[in-house]
Amino acid sequence: MSTFDYAPALESTAIVSIAERYGLFINGKFVAPKSGKYFPTINPATEKVLAKIASANSADVDLAVAAARAAYVKVWSKMPAAERGKYLFRIARIIQERSREFAVLESLDNGKPIRESRDTDIPLAAAHFFYHAGWADKLQYSGNGASPKPLGVVGQIIPWNFPMLMLAWKVAPALATGNTVVLKPAETTSLTALLFAEVCQQAGLPEGVVNIITGAGGTGALLVNHPGIDKVAFTGSTEVGKLIATSIAGSKKSATLELGGKAANIIYDDAAIDEAVEGIVNGIFFNQGHVCCAGSRLLVQENVHEEVLAKLKVRMGHIRLGNPLDKNTDIGAINSAAQLAKIKELSAAGDSEGAERWSAPCELPSQGFWFPPTIFTGVSQTHRIAREEIFGPVLSLLTFRTPQEAVEKANNTPYGLSAGIWTDKGSKILWTASKLRAGVIWANTFNKFDPASPFGGYKESGWGREGGRHGLSAYLKASN
Ligand code: ADP
């Protein structure tokens, strides 16, 4: 034998059954959209149509909001908190029981590797329901006064990068605090939200507590602007976040906005370099780089930058790109043609502005949307690839000489969602973290998530926090 290679290890799709066409989930039932309109959702790894998804219009949004209001007034706000908690525990357990089904469906619809949907997205989604289930009857200890109250009906809009996990981040705290919801998944990744609707039915959740309406940005705008909602919870681009902030200004609606990022991952010269290289790879190539908190700006101390770059290129050469359903795959498909075009456009700007591009040698499948793991060197702070969110597997390397310079460069961004620090010295971690304007800072690790840990950004990365005690406050009216 002259070469060693992995044998294919394909996850079977037999566990999921995908309907030809999906309606909207309103008041506990799947119903045909009043709009009469449907659009296709495709598998980005093959470009094959998976199913037709309903496109909700304003009449559909009216029905969903009315169902959520009725459920809030008649059932959910009156139910003893411990009973509410039981539903959340039940949902969490069903997600665990059906985790393989969810993971396969997520990888089919989103393009992410099964290893990630199976080991990260779905377990964390279940963990969010378990965590919030525990809070449901303990809200008086959440730091919001002796008798905090829910807000009412919440309109929730989520993106396509972690469809089921973002649903859990939104739905679990809303329900635990006694609110009812109308949720709109992203138009390219609605399938796991629709499977979650089945979970709500299976858990016997009272009708109308969770409503799921599908459609594109226009449907999202109808939900945001609907007079019947009390709060908007949004995760997505800064561009749409700004539109939402503008459109709810002057209304009584509150909002949490979790938007873009351009995180610095800072490598000091005393860091454990091999570990840091793993952290860099995890920071930017996890989920194809479709991560708002991705470590997309690599800041390396100048005296070790050649060593880091050499090791990083070797490591990137071992990343396996391909079929998302293969258990050996590290990088799956880019979620959509539009996103691929955006990644290509920004990368081309990197070339034309004078940075140097290196992509790991790998064969790209002929069907579907793919981009190889890529690093740009010779990047300056003014380059678009150092300033704009690429949301793809593209890393920009910059160097620094002193800790002060690292901090200045790290903070030189309109965003402030996350950052990473790699060093052997605890004191340097604390000093650097205290100077960084970022909502989440990882030290000697990256992209670690826990339901108990609040997540959110400074500046154009958004408003408010999700997760932990802080996340509960965003769904409660505080009392004395
Ligand atoms: P991305 O760049 O990650 O696709 P978007 O902000 O465009 O992010 O999309 C995130 C979510 O916001 C999706 O569910 C999308 O349909 C929705 N959306 C897009 N435009 C609007 C809008 N004007 N109002 C409300 N929701 C929107």
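Residues numbered from 1 in each chain as written. Predicted model: local features only at pLDDT ≥ 70, side-chain atom pairs only at ≥ 80, totals over all residues.

In this section: the site of the ligand. Neighbouring the ligand are 16 residues; Gly217, Gly220, Gly236, Ser237 and Val240 lie closest to it. Of all the elements in the fold, those that place two or more residues in the shell around the ligand are α7 (217–224) and α8 (238–248). Residues that form the shell around the ligand fall into these classes: 10 nonpolar, 4 polar and 2 charged. (Near = placed C-beta within 6 Å. Helix = DSSP H or I, 4+ residues; strand = E, 2+ residues; numbered from the N terminus. Nonpolar A, V, L, I, M, F, W, Y, C, P; charged D, E, K, R; others polar.)

Looking now at the environment of Tyr72. Locating Tyr72 in the fold gives a position in helix α1 (residues 58–76). Overall, the presence of 23 C-beta atoms within 10 Å leaves Tyr72 in the buried class. Sequence separation between Tyr72 and Val209 is 137 residues; the distance between their C-alpha atoms is 6.9 Å. If we ignore the near neighbours within four places in the chain, the residues touching Tyr72 are Ser77, Gly152, Val153 and Thr180. (Buried ≥ 20, exposed ≤ 12 C-beta atoms within 10 Å, placed from the backbone. Contact = placed C-beta atoms within 7 Å.)

This part takes up the sheet that holds strand β1 (residues 21–22). If you trace the 3 strands from one edge of the open sheet to the other, you get β1-β5-β4, paired in mixed fashion. Because the sheet does not close on itself, it has two edges, and the strands there are β1 and β4 (38–42). (Pairing = 2+ DSSP bridges.)

Before going further, it helps to examine the nonpolar core. Of all hydrophobic cores here, the largest spans 89 residues; its most connected members are Ala64 and Leu88. Discounting residues that sit within four places of it in the chain, Ala64 has contacts with Leu24, Ile26, Val182, Asn211 and Ile213. One finds Cys293, Val379, Val394 and Leu436 within the second-largest nonpolar core, a separate group that totals 61 residues. (Core = buried A, V, L, I, M, F, W, Y, C linked by C-beta atoms within 7 Å.)

Time to look at the domain arrangement of the protein chain. Here the protein chain is partitioned into domain 1 (21–259 + 461–477) and domain 2 (264–451). On a C-alpha basis, the centres of domain 1 and domain 2 stand 30 Å from each other. Put simply, the parts of the chain that give the side of domain 1 that touches domain 2 at least two residues each are α3 (99–110) and α4 (114–135). By residue number, the principal contributor to the side of domain 1 that touches domain 2 is α4, which donates 7 residues. A class-by-class count of the residues in the side of domain 1 that touches domain 2 yields 8 nonpolar, 9 polar and 5 charged. (Domains from an automatic or database assignment.)

Bringing helix α13 (residues 403–411) into the picture now. Taken residue by residue, α13 has Ala406, Val407 and Ala410 as its buried positions. Taken around the axis of α13, the buried residues stretch over an arc of 95°, which confines them to a single face. Its buried side turned inward, α13 meets β12 (264–267), β13 (297–301), β16 (394–400), β17 (418–422) and α14 (426–435). (Arc of directions from axis to C-beta.)

The residue Ser352 is located in helix α11 (residues 337–352) in this model. Among the residues examined, Ser352 registers 9 C-beta atoms within 10 Å and is labelled exposed. For the pair formed by Ser352 and Gly134, sequence separation is 218 residues and the distance between their alpha carbons is 53 Å.

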